[in-house]
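Structure at a glance
One-letter residues, chain by chain:
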Amino acid sequence: MHAEFGKQNISIRSNVHNQYLDYLMRFGIIGLGLFLAVFAYSLIHAIKTNNYIYFCFTIIIMVCCFTENILSRQWGITFFATFNYLLYYQYQKK
(Lines give C-alpha, C1' and ligand atoms only; values in the text may rest on other atoms or scores of the structure.)
Protein backbone atom coordinates (compact mmCIF):
# COMPACT_ATOMS: atom_id res chain seq x y z
CA MET A 1 0.00 0.00 0.00
CA HIS A 2 1.00 3.54 -0.58
CA ALA A 3 1.78 5.73 2.37
CA GLU A 4 -0.01 8.64 0.68
CA PHE A 5 -3.39 6.91 0.33
CA GLY A 6 -5.59 10.00 0.86
CA LYS A 7 -3.83 12.34 -1.57
CA GLN A 8 -5.27 12.87 -5.05
CA ASN A 9 -4.10 14.86 -7.98
CA ILE A 10 -6.53 17.77 -7.79
CA SER A 11 -5.71 19.18 -11.23
CA ILE A 12 -7.00 16.02 -12.92
CA ARG A 13 -10.19 15.54 -10.94
CA SER A 14 -11.31 19.15 -10.44
CA ASN A 15 -14.53 20.47 -11.94
CA VAL A 16 -15.74 24.07 -11.69
CA HIS A 17 -19.45 23.13 -12.10
CA ASN A 18 -20.08 26.20 -14.26
CA GLN A 19 -19.93 25.89 -18.05
CA TYR A 20 -19.32 29.60 -18.58
CA LEU A 21 -16.42 29.73 -16.13
CA ASP A 22 -15.02 26.52 -17.60
CA TYR A 23 -15.05 27.97 -21.15
CA LEU A 24 -13.54 31.22 -19.87
CA MET A 25 -10.66 29.35 -18.21
CA ARG A 26 -10.09 27.00 -21.18
CA PHE A 27 -10.54 29.32 -24.16
CA GLY A 28 -10.40 32.86 -22.76
CA ILE A 29 -12.71 35.79 -23.44
CA ILE A 30 -12.95 35.06 -27.17
CA GLY A 31 -13.97 31.44 -26.58
CA LEU A 32 -16.58 32.46 -24.04
CA GLY A 33 -17.87 35.10 -26.45
CA LEU A 34 -18.24 32.53 -29.23
CA PHE A 35 -20.00 30.16 -26.84
CA LEU A 36 -22.46 32.89 -25.82
CA ALA A 37 -22.93 33.84 -29.49
CA VAL A 38 -24.20 30.33 -30.20
CA PHE A 39 -26.85 30.74 -27.52
CA ALA A 40 -27.71 34.26 -28.71
CA TYR A 41 -28.16 33.02 -32.28
CA SER A 42 -30.38 30.18 -31.03
CA LEU A 43 -32.57 32.57 -29.05
CA ILE A 44 -32.88 35.02 -31.97
CA HIS A 45 -33.76 32.21 -34.36
CA ALA A 46 -36.38 30.86 -31.93
CA ILE A 47 -37.98 34.30 -31.61
CA LYS A 48 -37.98 34.95 -35.38
CA THR A 49 -39.62 31.61 -36.13
CA ASN A 50 -41.99 31.73 -33.14
CA ASN A 51 -40.57 28.42 -31.94
CA TYR A 52 -41.52 28.47 -28.26
CA ILE A 53 -40.14 24.97 -27.57
CA TYR A 54 -36.74 25.83 -29.03
CA PHE A 55 -36.67 29.06 -27.03
CA CYS A 56 -37.45 27.20 -23.80
CA PHE A 57 -34.89 24.50 -24.59
CA THR A 58 -32.17 27.11 -25.09
CA ILE A 59 -33.08 28.93 -21.88
CA ILE A 60 -33.07 25.67 -19.90
CA ILE A 61 -29.64 24.73 -21.26
CA MET A 62 -28.32 28.22 -20.48
CA VAL A 63 -29.58 28.01 -16.89
CA CYS A 64 -28.16 24.49 -16.47
CA CYS A 65 -24.78 25.79 -17.58
CA PHE A 66 -24.66 27.91 -14.41
CA THR A 67 -24.65 24.87 -12.13
CA GLU A 68 -22.95 22.16 -14.22
CA ASN A 69 -20.63 21.99 -17.19
CA ILE A 70 -22.79 19.62 -19.19
CA LEU A 71 -21.00 20.26 -22.47
CA SER A 72 -17.71 18.92 -21.13
CA ARG A 73 -18.95 15.33 -21.28
CA GLN A 74 -19.99 13.16 -24.20
CA TRP A 75 -23.60 12.68 -23.04
CA GLY A 76 -24.09 16.42 -22.65
CA ILE A 77 -22.72 17.21 -26.10
CA THR A 78 -24.82 14.45 -27.67
CA PHE A 79 -27.97 15.63 -25.90
CA PHE A 80 -27.46 19.27 -26.84
CA ALA A 81 -26.45 18.59 -30.45
CA THR A 82 -29.36 16.22 -31.09
CA PHE A 83 -32.13 18.36 -29.66
CA ASN A 84 -30.64 21.63 -30.88
CA TYR A 85 -30.58 20.24 -34.43
CA LEU A 86 -34.11 18.83 -34.24
CA LEU A 87 -35.62 21.97 -32.75
CA TYR A 88 -33.70 24.33 -35.04
CA TYR A 89 -35.00 22.68 -38.20
CA GLN A 90 -38.51 22.09 -36.87
CA TYR A 91 -39.85 25.44 -38.09
CA GLN A 92 -37.67 26.08 -41.14
CA LYS A 93 -39.49 27.86 -43.97
CA LYS A 94 -39.95 25.74 -47.07
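Use the structure listed above.
Worth saying up front: this structure is predicted, and the values here are computed from it rather than measured. (Residues numbered from 1 in each chain as written. Predicted model: local features only at pLDDT ≥ 70, side-chain atom pairs only at ≥ 80, totals over all residues. Heavy atoms only, no water.)

**Regarding the packing of helix H3 (residues 52-67) against helix H4 (residues 74-88)**
At a minimum axis distance of 9 Å, the contact between H3 and H4 shows a crossing angle of 155°. Here H4 runs roughly antiparallel to H3, going by the angle between their axes. Crossing of H3 over H4 shows left-handed handedness. Taking contact as the criterion, the partners of Ile53, Tyr54, Phe57 and Ile61 in H3 are, on H4, Phe79, Phe80, Phe83, Asn84, Leu87 and Tyr88. Taken together, the residues that form the contact of H3 with H4 break down as nine nonpolar, one polar and no charged. (Axes fitted to C-alpha atoms, helices over the stretch in contact; angles between N-to-C directions. Helix = DSSP H or I, 4+ residues; strand = E, 2+ residues; numbered from the N terminus. Parallel < 35°, antiparallel > 145°, perpendicular 65-115°, else oblique. Left-handed = near helix turned anticlockwise from the far one by under 90°. Contact = heavy atoms within 4.5 Å. Nonpolar A, V, L, I, M, F, W, Y, C, P; charged D, E, K, R; others polar.)

**Details of unusual backbone geometry**
If you check the backbone angles, His17 has positive phi at about 60° while not being a glycine. Here the phi dihedral of Asn50 falls at roughly 55°; this positive angle occurs in a residue that is not glycine. Relative to the assigned elements, Asn50 resides in the loop between helix H2 (19-48) and H3. Asn50 gets classed as exposed once you look at its relative accessible area, which sits at 66%. (Buried < 20%, exposed > 50% of the residue type's maximum accessible area, 1.4 Å probe, protein only.)

**Quick word on the nonpolar core**
Phe35, Phe39, Ile61 and Cys65 are the most contacted members of the largest nonpolar core, which totals 15 residues. Listing elements by their share of this core, those giving two or more residues are H2, H3 and H4. At six residues, the largest contribution of residues to this core is made by H2. Every residue in contact with Phe39, bar those within four places of it in the chain, is listed here: Tyr20, Thr58, Ile61, Met62, Cys65 and Phe80. (Core = buried A, V, L, I, M, F, W, Y, C linked by side-chain atoms within 4.5 Å.)

**So, H2**
Helix length check: H2, at 30 residues, gives a terminal C-alpha distance of 27 Å against a target of 44 Å (1.5 Å per residue), a shortfall beyond 12%. In this structure, the buried residues of H2 make contact with H3 and H4. For H2, the capping residue at the N-terminal end is Asn18, with a side-chain oxygen 3.0 Å from the backbone nitrogen of Tyr20. Of the residues one or two after H2, Asn50 is the one with positive phi, at around 55°. (Expected span 1.5 Å × (residues − 1). Polar contact = N/O pair within 3.5 Å; in protein donor to acceptor, adjacent residues only side chain to side chain.)

**Observations regarding the pattern of salt bridges**
Note that side chains of opposite charge can pair when their charged atoms are close. Per the stated rule, a full pass over the model turns up two salt bridges. Across the pair Arg26 and Asp22 runs a salt bridge, and its minimum N-O distance is 3.1 Å. Taken as a pair, Arg26 and Asp22 lie in helix H2 at a separation of four residues, close to a single helical turn. A salt bridge links Glu68 to Arg73, with the shortest nitrogen-to-oxygen separation between them at 2.6 Å. (Salt bridge = Lys/Arg side-chain N within 4 Å of Asp/Glu carboxyl O.)

By themselves, these are just geometric observations and shouldn't be taken as functional.
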